[in-house]
Amino acid sequence: MAQPDVADARAPAELAEPCPALEGSAILRPANDDMEYKYLVLPNSLRVLLVSDPTADKAGAAMDVCVGSISDPDAFPGLAHFTEHMLFYSSEKYPVEDEYTKFVSDRGGSTNAYTSAEHTNYHFDVNADSLAPALDRFAQFFIAPTISADGIEREVKAVDSEHGKNLSSDAWRKSQVNKTTANSRHPWARFSTGNRDTLFVAPKAAGRDPRDAVVSFHAEQYSADRCCLAVMGRQALGELEALVRDMFSAVPNKALSRPQFEADVFLPEHVGLLLRIVPVREGQTLELVWQVPPSERLYREQPLGYVSHLLGHEGEGSVFALLKSRGWASALWAGESGGSLSFASFFTVHIELTEEGQRHIREVATAVFRYIALLRSPGGISPRIWEEVRGLAQLQFDTRDKTRPFSYTTSLANGLQHYPPEDLLPALYGVPRVFAPEVIAEALAALTPERVRVFWISKAHEAGAEEGGKEGAAKEAPVEADGVERDGAEAAKAPEAEAGAAGEAEAEADSTHCVAADRSGAAAEEPAGPGAASSAAAAAASSAGGMTSEPIYGTRYGVGPLPADWLAEWAAARPEDEPGLRLPAPNPFIPTDLTLASDEAAAAPPLPAVALAVPGVLRLWHRPETRFGQPKAVLYLDVQSPEAYTSPRAAVLTRLFVKLMLDYLNEVAYPAQQAGLDYNLLNTQSGWQLLLSGYNHKLHMLLGEVLARLADFKVLPDRFEFVREGLVREYANQLHNQPYSWAMYRAELLTTARRWPLEAYGALAAEVTAEELGAFVKRLNSRVFVEGLCAGNMRKTEALRCGGLLLQVLRDRLGSAPLHPAEAAELRVLRVPPPPAASASAPSSSGEAAPAEAGSGPVRPCLGGGWLFTEAHPSGRDDNSAAVVMYQRGPDEPRSNALAQLLVQLAKRDAFYELRTRQQLGYIVSLHGGTEHGVGYTELLVQSNSHDAADCCRRMAEFVARLVDTELPAKCGLAPAPTTTSAPAPAEAGAATPPAAEAEGSGATEFETAVAELAKTKLEKPKKLGDLANRWWSEVQHGSYLFDRQEVEVAALRKLTPAELLEFARGLLAAPGGAGKLSVQIRGKAEAARAAAPAEASSGVPDAAAGPASTSAADGPAPAATSPEAAPAPSYASLPYAVIPTADPFAWKRRCEAWPSVRSLWAARREAAGEAPPPAALGEAEALEAAQASLAAQAAAAAASAAVEMKA
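Numbers given to residues run from 1 along each chain, matching the order in which its sequence is written. Whole-chain, interface and lining totals are the exception, using all residues; otherwise, since this is a predicted model, local features are given only for residues with pLDDT of at least 70 and side-chain atom pairs are given and counted only at 80 or more. By convention in this description, side-chain values take in all heavy atoms of the structure and omit both hydrogens and water.

1. Some words on the overall build of the chain
So, step 1. Helices and strands together make up the secondary structure of the chain, namely 36 helices and 27 strands.
So, step 2. Think of it in three bands: residues with accessible area under 20% of the maximum for their type are buried, residues over 50% are exposed, and the middle band is partly exposed, with areas taken using a 1.4 Å probe on protein chains only. Within the span of the chain, comprising 1208 residues, buried residues form 61% of the whole.
So, step 3. Accessible surface, the chain as shown: approximately 41700 Å² in total, 56% of it carbon and sulfur. Each helix corresponds to a stretch of at least 4 residues labelled H or I by DSSP, and each strand to a stretch of at least 2 residues labelled E; elements are numbered beginning at the N terminus. The protein chains shown are the only cover counted for residues, whose accessible areas, like all others here, come from Shrake-Rupley with a 1.4 Å probe.

2. Quick word on the pairing of strand β3 (residues 58-65)
Two faces, one strand: in a regular strand the side chains alternate between the faces of the sheet.
So, step 1. β3 sits mainly inside the fold: 8 of its 8 residues count as buried.
So, step 2. Every second residue of β3 is oriented toward a common face, with Lys 58, Gly 60, Ala 62 and Asp 64 on one face and Ala 59, Ala 61, Met 63 and Val 65 on the other, all of them buried.
So, step 3. DSSP bridges decide pairing: two strands pair if at least two such bridges lie between them. The pairing of β3 with strand β6 (residues 120-127) spans 8 bridges and is classified as antiparallel. Within the sheet, the bridge partner assigned to Asp 64 lies in β6 and is Asn 121.
So, step 4. In the sheet, β3 pairs with strand β8 (residues 227-233) via 6 bridges, with the strands oriented antiparallel. In the strand pairing of β8, Ala 62 is matched with Ala 230.

3. Structural notes on the nonpolar core
So, step 1. Formed by 99 residues in total, the largest nonpolar core has its most connected members in Leu 635, Phe 657, Trp 688 and Leu 773.
So, step 2. Element by element, the count of residues in this core is highest for helix α20 (residues 648-674), at 14 residues.
So, step 3. In this document the domain limits rely on a domain assignment from an automatic tool or a database. Taken together, domain 3 (598-825 + 1178-1206) and domain 4 (859-975 + 1013-1088) each give at least three residues to this core, which thus spans both.
So, step 4. We call two residues in contact whenever any of their non-hydrogen atoms come within 4.5 Å of each other. The contact partners of Phe 657, leaving out residues within four places of it in the chain, are Trp 688, Leu 710, Phe 713, Leu 773, Val 777, Leu 780 and Asn 781.
So, step 5. Note on terminology: a nonpolar core comprises buried Ala, Val, Leu, Ile, Met, Phe, Trp, Tyr and Cys residues joined through side-chain atoms within 4.5 Å. Counting residues in hydrophobic clusters, the runner-up holds 53 residues, among them Leu 50, Met 63, Leu 79 and Leu 87.

4. A short note on helix α4 (residues 149-166)
So, step 1. Multiply 1.5 Å by the residue count of a helix minus one, and that product is the helix's expected span. In this model α4 runs 26 Å from its N-terminal to its C-terminal C-alpha over 18 residues, within 8% of the 26 Å that 1.5 Å per residue would give.
So, step 2. For α4, the tally of buried residues reaches 14 of 18 residues, placing the bulk of the element in the interior.

5. Some details on the pattern of salt bridges
So, step 1. Salt bridges, as used here, are contacts in which a Lys or Arg side-chain nitrogen is within 4 Å of a carboxyl oxygen on Asp or Glu. In this structure the tally under the stated criterion is 74 salt bridges.
So, step 2. Put simply, Arg 582 and Glu 316 hold a salt bridge, and the shortest N to O gap is 3.9 Å. Highlighted residues: Arg 582 in the loop between α18 (564-571) and α19 (598-603) and Glu 316 in the loop between α9 (303-311) and α10 (319-325), separated in sequence by 266 residues.
So, step 3. Given a relative accessible area of 41%, Arg 582 falls into the partly exposed group.
So, step 4. A relative accessible area of 55% places Glu 316 in the exposed class.
So, step 5. One salt bridge connects Glu 576 with Arg 574, and the closest N-O pair in it is separated by 3.6 Å.
So, step 6. Taking the relative accessible area as the measure of exposure, Arg 574 reaches 42% and is therefore partly exposed.
So, step 7. Connected through salt bridges with shared partners, the residues Lys 102, Asp 106, Asp 910, Lys 971 and Glu 1006 form a single ionic network.

6. Some thoughts on the sheet that holds strand β24 (residues 924-932)
So, step 1. Taken in spatial order, the 6 strands line up as β24-β25-β23-β26-β22-β27 in an open sheet, and their pairing is mixed. Each edge of the open sheet carries a strand with a single partner, namely β24 and β27 (1138-1139).
So, step 2. Note that β24 and strand β25 (residues 935-944) share 9 bridges and pair antiparallel. Note on β25: the bridge partner recorded for His 928 is Glu 939.

7. Describing the packing of helix α3 (residues 131-143) against helix α8 (residues 237-248)
So, step 1. To get an axis, fit a line to the C-alpha atoms, keeping to the stretch in contact for a helix; angles then go from 0 to 180 degrees between the N-to-C directions. Contact pair α3 / α8: the axes reach a minimum separation of 9 Å and the direction vectors enclose 35°. α3 and α8 meet at a crossing whose hand is right-handed. Facing α3, whose interface residues are Leu 131, Ala 132, Leu 135, Asp 136, Phe 138, Ala 139 and Ile 143, α8 presents Leu 240, Leu 243, Met 247 and Phe 248.
So, step 2. Amino acids outside the nonpolar list (Ala, Val, Leu, Ile, Met, Phe, Trp, Tyr, Cys, Pro) and the charged list (Asp, Glu, Lys, Arg) are all regarded as polar, and Gly is one of them. Tallied by class, residues from the contact of α3 with α8 come to 10 nonpolar, no polar and 1 charged. Should the near helix be turned anticlockwise from the far one by less than a right angle, the crossing is termed left-handed; should it be turned clockwise, right-handed.

8. A word on unusual backbone geometry
So, step 1. Within the chain, Gln 302 stands out as a residue other than glycine whose phi angle is a positive 50°.
So, step 2. Structurally, the position occupied by Gln 302 is in the loop between β10 (284-292) and α9.
So, step 3. Residue Tyr 1041 is not a glycine yet carries a positive backbone phi of 55°.
So, step 4. Take Tyr 1041: it is sitting in the loop between α30 (1025-1038) and α31 (1045-1054).
So, step 5. Under the relative-accessibility criterion, Tyr 1041 is labelled buried at 13%.

9. Points about the sheet that holds strand β17 (residues 618-624)
So, step 1. Strand order in the open sheet formed by 6 strands is β16-β17-β21-β18-β20-β19, and the pairing between neighbours is mixed. Each of the sheet's edge strands pairs with one partner strand only, and the pair in question is β16 (609-614) and β19 (677-683). Strand-to-strand, the axes of this sheet are offset by a mean angle of 10°, without reference to chain direction.
So, step 2. Note that β17 and strand β21 (residues 785-792) share 7 bridges and pair parallel. Bridge pairing in β21 places Leu 620 opposite Gly 788.
So, step 3. Strands β19 and β20 (687-695) of the sheet are contacted by α20, whose axis makes an angle of about 175° with β19.

10. So, the environment of Asp 160
So, step 1. You can see Asp 160 is positioned in helix α4.
So, step 2. Sequence separation of Asp 160 and Asn 945 is 785 residues, and the distance between their C-alpha atoms is 9.2 Å.
So, step 3. With residues near it in sequence (within four places) discarded, Asp 160 still touches Asn 195, Arg 196 and Asn 945.

11. Side note on the confidence of the model for the chain
So, step 1. Scored from 0 to 100, pLDDT records how confident the predictor is in each individual residue. Looking at the chain as a whole, its pLDDT mean stands at 85, while 83% of the residues score no less than 70.
So, step 2. Every residue in residues 981-1000 scores below 50 in pLDDT, and together they form 53 contacts with partners more than four places removed in sequence or on other chains.
So, step 3. Within the model, the stretch residues 1096-1130 combines pLDDT values under 50 with 65 contacts to residues more than four positions away or in other chains.

12. Things to note about the packing of α9 against helix α12 (residues 383-398)
So, step 1. Contact geometry of α9 with α12 gives a least axis separation of 11 Å together with a crossing angle of 100°. The angle between α9 and α12 falls in the class roughly perpendicular. Here Tyr 306, His 309 and Leu 310 of α9 lie close against α12, whose contacting residues are Ile 385, Trp 386 and Val 389.
So, step 2. Taken together, the residues that form the contact of α9 with α12 break down as 5 nonpolar, 1 polar and no charged. Roughly parallel here means an angle under 35 degrees, roughly antiparallel means over 145, roughly perpendicular means 65 to 115, and every remaining angle is called oblique.

13. Observations regarding the packing of aromatic side chains
So, step 1. Aromatic rings from Phe, Tyr and Trp, with only the six-membered ring used for Trp, were paired whenever their centres fell within 6.5 Å, and each pair was classed as stacked if the ring planes differed by under 30 degrees, edge-to-face if by over 60, and tilted otherwise. All told, the structure shown has 36 aromatic pairs when counted by the stated rule.
So, step 2. Relative to Tyr 100, the ring of Phe 88 lies with its centre 6.0 Å away and its plane at 50°, an arrangement referred to as tilted. A residue pair is termed long-range when its members are at least 10 positions apart, and Phe 88 in the loop between α1 (79-86) and β4 (90-91) and Tyr 100 in helix α2 (residues 99-106) qualify at 12 residues.
So, step 3. Its relative accessible area of 3% is what places Phe 88 among the buried residues.
So, step 4. Residue classification places Tyr 100 among the buried residues on the basis of a relative accessible area of 5%.

14. Considering α8
So, step 1. Across its 12 residues, α8 extends 16 Å between first and last C-alpha, which sits within 8% of the 16 Å expected from 1.5 Å per residue.
So, step 2. Residues Leu 237, Leu 240, Glu 241, Leu 243, Val 244, Met 247 and Phe 248 constitute the buried set of α8. For α8, the angular spread of the buried residues around the axis is 160°, confining them to a single face. Opposite its buried face, α8 presents the exposed residues Gly 238 and Asp 246, each directed more than 90 degrees away. In this description, the arc belongs to the directions extending from the helix axis to the C-beta atoms.

15. Structural notes on the environment of Gly 922
So, step 1. Topologically, Gly 922 is positioned in the loop between α27 (894-918) and β24.
So, step 2. Sequence-wise, Gly 922 and Val 159 are 763 residues apart; in three dimensions their C-alpha atoms are separated by 9.4 Å.
So, step 3. The residues touching Gly 922, leaving out its near neighbours within four places in the chain, are Ser 161, Arg 916, Gln 943 and Ser 944.

16. Side note on the environment of Ala 1091
So, step 1. Relative to the assigned elements, Ala 1091 resides in helix α33 (residues 1085-1092).
So, step 2. The exposure class assigned to Ala 1091 is exposed, which follows from its relative accessible area of 57%.
So, step 3. Separated by 143 residues in sequence, Ala 1091 and Asp 948 have C-alpha atoms that sit 9.3 Å apart.

17. So, the pairing of β21
So, step 1. With 8 of 8 residues buried, β21 is to be regarded as a mostly interior element.
So, step 2. Where strand β18 (residues 632-640) and β21 come together, 8 bridges link them in antiparallel fashion. Note that in β21 the partner of Ala 633 across the bridge is Gly 792.

18. Quick notes on the state of the cysteines
Disulfide: a covalent bond formed between the sulfur atoms of two cysteine residues.
So, step 1. We call a pair of cysteine sulfur atoms a disulfide when they lie within 2.5 Å. Counted by the stated rule, this structure contains 0 disulfides.
So, step 2. With no disulfide partner, Cys 790 has as its closest neighbouring cysteine sulfur the one in Cys 802, 5.4 Å distant.

19. Digging into the side chain of Glu 871
So, step 1. By secondary structure assignment, the location of Glu 871 is in strand β22 (residues 867-872).
So, step 2. Reaching out from Glu 871, the side chain makes a polar contact with the side chain of Trp 742 at a distance of 2.9 Å.
So, step 3. Apart from residues no more than four positions distant in its own chain, Glu 871 is found in contact with Trp 742, Arg 746, Gln 1081, Ile 1082, Arg 1083 and Thr 1142. Polar contact is the term for a pair of N or O atoms within 3.5 Å; when the atoms are in protein, one must be able to donate a hydrogen and the other to accept it, and sequence-neighboring residues count only if both atoms are side-chain atoms.

Structure below.
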């Protein structure tokens, strides 16, 4: 695939100098964009783009500073990144620590920042009516920030923890190898993110003060003339301009020239190389990388966009189709990468290899060079293809969805550094506007074998790594799950982790690795054993030399010149040597009818209604929706089968079926994706799902392609072997997920009534056969019930047509029988019970031993206790430990939901501030709410490389004790505000002080403010169809059908009283005996090392705010808190844990009762309220008639097309 458009997340590299622009330049906008824009330059030379959207619920702003890690002083690697962290602390105008982030968080917003090579970008969003005070706090970052010594010491730990998290990422590891093997005199080649050694230990040893370095960097590098600001709000442009002029004119202009850098990242001796890297995760990739001139000056021509479209194509005749057919590759993307660089960029062809592909590294690259030769040959630069690319880009630009101010202003502010304001939007969204064949030819001319750097990333090199020595092995750690994706039922649920002061997305590594998920390639005719790849690696090693360790991440790698015969073959590559390579045919999925069904949308009920119902077979909800002015629709189908999840083996077979279907669909459906149609198939705990979205005109065609392959599904042995290989690797890599993700998965596994352990899947996947899968798929689809949702620019007749096509396939092609009501999916969650009376020696969650209660067990309210599950991280190689504490609250109910969300609204920022900012437990800290199969919970999590998991649990318990005892009553206006919840307020401005208890200038309690702001957030209008459809789809999946949930829950929220919230919080967080509380502790490698050598556990950085030393609940009680900053003892009982056996947690599960089915609860509520159930039978004949007419029309069109071709 071509590299995905990342305009909303990261703008491209900048020009060497600011783009000249006149104030008030007319900005080219998408056709459907009804917002107003204004560009201006303040007297201090700050460039500003204002965006007015009177309908906005959220406002936001971003400031992009043209300085980044490439400008770090030699003595302080990572200083730019560290400075970014420090600016969040406080300012002269707002000296209370964390004031900015707390203000924004309390008003429904979020804050973030990132540091890239040449840019530092700060951004936030907030409820729209709070823009002005939030903007004033934000402006102080650039006017008069306070850099306290206390903050320096604590934030060093945050940066070091962030670096520790990245140690496990193959993307970061490869990026540093790339730098290490570049021109060492170029600043791009340095370590950029910083850690404890580079920011604290080494400077201190050299007599340099880290605080002075931050102050100097800000003073010398931050200047208004290096900055671009974007502000988006509901105010008129004039009012926004007045705000900006008032608040940002004081940003000092130091008349700094923009940093300039040479283009010599790679000298002649650094190209034409083969770099072999040993990864952490399973799998193997090949990357061909060329340094190319930055293409921003050619944003109108977009030459590399044309090249990446064709090299990354996945349809018939493409490089990927060829490699897939030979069983060599499972995925491919191509495109410009490398982050925001003014002096260079990098064009990459990234190929995911199969085991068989490793035997043919040279031939895989040869296919790429033959396709490049095809593009250079006559006709390779095609006006037809360029126009198709341009037309699709223009269509997607003109019909683009609205995005959050958070991401939109981030992109706009960075884009102003690169493009003239009038061209900013089409340039950011990659719309080519000038066909220039000679410019495309120049881009192709740069992609030669002599200038390529080839990265071969594979564990086949481990033999060489072992021979090269053992140094660096201790630093290797498993790859991080950078934002846990919820891919069906088998993915760990992701925390809504608060980014806070240091949640920046580093641009230099992870942002470039965007491989299409589940797009599988081909298998070898004969499975490759490990020896084959090792032999190929050994052959390459004879040319590339031995292995060594990269010093920062400990990555094992080897580097040497490419073999001469490889270079000769690639230089001689000709397209005629590979007849299977050709340019793509015209795309049949490009929409031509963009009219809106506004009349039907206006006349329809406001919420989805059943359009088609066939008893035991199908229920299809429909709502025509054109409020977004988009010719787009969604069709979501949930296929429920009792065969899908009967055993771990059945779960693996269902996953294999889904992956094989995606493999079969890839070549035919890829053009649909290019034309703005998206699709996915997921396996679930009740069956599988098909999700389609995009332009509605050709959506039924894509559905037809999917259904045709479903109807004709056969297990092709070669494709099966390939897909199974990938699945085994996928399951193995799940064991390398970040510890916090693994802890949340374990909590989910323990509380879901029927959930199989992920670690059992790999061995099962390795032993199933093609014949077994074929038989299973017949059973899987022999009895199904499908529930679906059609929404968007889709008339009822179109929805019925889609439903009719599905019905025909189920009945006529698959022979599916209706599902009996007794077989309907009922996904249940286990109730976490009160623990039995525990022994006096059992460790408590406060870290202290507690006496056992007599009789039937503890009955007093408590903040300790509950159930504990603890284990080592499954990889055995991740330094980080993690602790998750889940407080289960029960099934979905509007009032309970409102109470839980209000509690999180009031406490989440305090949790982050206390545990992350003040105590510095780790980089990942979160307090959030969620649901699993409709049963709600509130969850606290911490991941740390410096504190044991048990210690994190103890500190979380202390935080909860203070929250329930003193802080929450004060927030609710039911008790005086606590004097100091952390350290005594230092005299130094900007050091740690407790946040204010009242809303600024309003006199309202924090409770009243939280209710108002949470209501605004919940009633925020969806920005696009996908957001709205996903809300409705959640209701359909859970069987609640509460399509106006936001309004219902806000009505319940506004009726709540402070006393009710406090009672709820005490019942949830301090339940008698610890009922409903489950703690999961995942122990990392660093924790094990500390246990083995406690004298060496010191972090090397003063721990003034951290409290007592780490302890392990498994080893015994913790010592009492001795830190001067320890909280007062809680007034509740401290009880011991009841331990869930690590060896057999399922024995514990079998003793637990299940909560009632949420689907059944809502059915009972509707019945009690006198509401009619969804209709059991509706529209079947009409749907089948519409489907038949559609099939006849398609057949006629195909015949007419064939006749035209014959005549031609």
